Amino acid sequence: GDKTKLGKDYEGAPEPTLDPEKEGVVTTFVKQVAAGASTRPSEGNIIEYRLLDGEGTSTSASFRADVGSPSLPWALETAAQRMKVGDIVDIVAKGEHAFADDEEPVSTEGVEKRWRMELLGVEGKSLDKFQLDAEERVDRANELRLRGNDLYKRGRLLRAMDYYERGSRLMDVLEA
């Protein structure tokens with residue numbers, strides 16, 4: 001499973017570690033908590049984020065990505081959905097979680113990637129299954145199924161299962 005730990009302060013937070021026996025774990029360590037209330041991103045939102053080095057210095061310009069897009073590494077997507085604008089987190093990902101859907105790793109076994117991410121902004125409308133009509137939910141569930149099928153064929157079984165489960169959850173809405 002996923003774990004989130006709050007560091008005492010920016011410099012004094014524990015070094016992120018992973019259990020070498022567990023595949024696909026995403027661990028996040030919060031380095032800086034945003035002040036005030038803020039919306040957490042979800043599927044359908046566009047996030048703006050920056051990747052930082054170990055000292056908190058920007059290593060790049062900011063990026064924009066759709067939450068749920070195939071170009072955003074699975075671990076960054078997972079972490080972003082738990083963050084608020086202004087938060088900075090250290091992210092450690094193992095296995096399939098370390099890659100974006102559109103990446104073609106030779107193998108995900110034994111791979112570990114680390115990022116320090118700052119969430120700069122959230123925009124757009126979330127995809128809320130309760131605000132979608134039945135046809136929109138079926139269309140979205142089918143899109144997720146097709147993504148899952150593609151990843152399954154490429155051997156990315158955990159990520160494929162994630163898409164199948166997300167599609168299935170869209171269909172558990174009772175209509176009056």
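Please refer to the structure placed before this passage.
Cut-offs and rules
- Residues numbered from 1 in each chain as written.
- Predicted model: local features only at pLDDT ≥ 70, side-chain atom pairs only at ≥ 80, totals over all residues.
- Heavy atoms only, no water.
- Core = buried A, V, L, I, M, F, W, Y, C linked by side-chain atoms within 4.5 Å.
- Buried < 20%, exposed > 50% of the residue type's maximum accessible area, 1.4 Å probe, protein only.
- Helix = DSSP H or I, 4+ residues; strand = E, 2+ residues; numbered from the N terminus.
- Expected span 1.5 Å × (residues − 1).
- Contact = heavy atoms within 4.5 Å.
- Axes fitted to C-alpha atoms, helices over the stretch in contact; angles between N-to-C directions.
- Parallel < 35°, antiparallel > 145°, perpendicular 65-115°, else oblique.

1. Digging into the nonpolar core
- Counting residues in hydrophobic clusters, the biggest one holds 21 residues, and the most contacted among them are Ile47, Tyr49, Leu72, Leu76, Ile91, Trp115 and Met117.
- Mapped by element, the contributors of at least two residues to this core are strand 3 (46-52), helix 1 (74-80), strand 5 (88-94) and strand 6 (112-123).
- The dominant element in this core, judged by the number of residues it contributes, is helix 1, at four residues.
- Counting residues in hydrophobic clusters, the runner-up holds six residues, among them Ala141, Leu144, Ala160 and Tyr163.

2. Description of helix 3 (residues 157-170)
- Over its 14 residues, helix 3 extends 20 Å from the first C-alpha to the last, a length consistent with the 20 Å expected when each residue adds 1.5 Å.
- Buried residues along helix 3 sit in contact with helix 1 and helix 2 (134-153).

3. Remarks on the packing of helix 2 against helix 3
- Where helix 2 meets helix 3, the closest approach of the two axes is 8 Å, and the angle between their N-to-C directions is 170°. Between helix 2 and helix 3, the interaxial angle falls into the category roughly antiparallel. Residues Arg137, Arg140, Ala141, Leu144, Arg145, Arg147, Gly148, Asn149, Leu151 and Tyr152 of helix 2 form the contact with helix 3, whose own contacting residues are Leu157, Arg159, Ala160, Tyr163, Tyr164, Arg166, Gly167 and Leu170.

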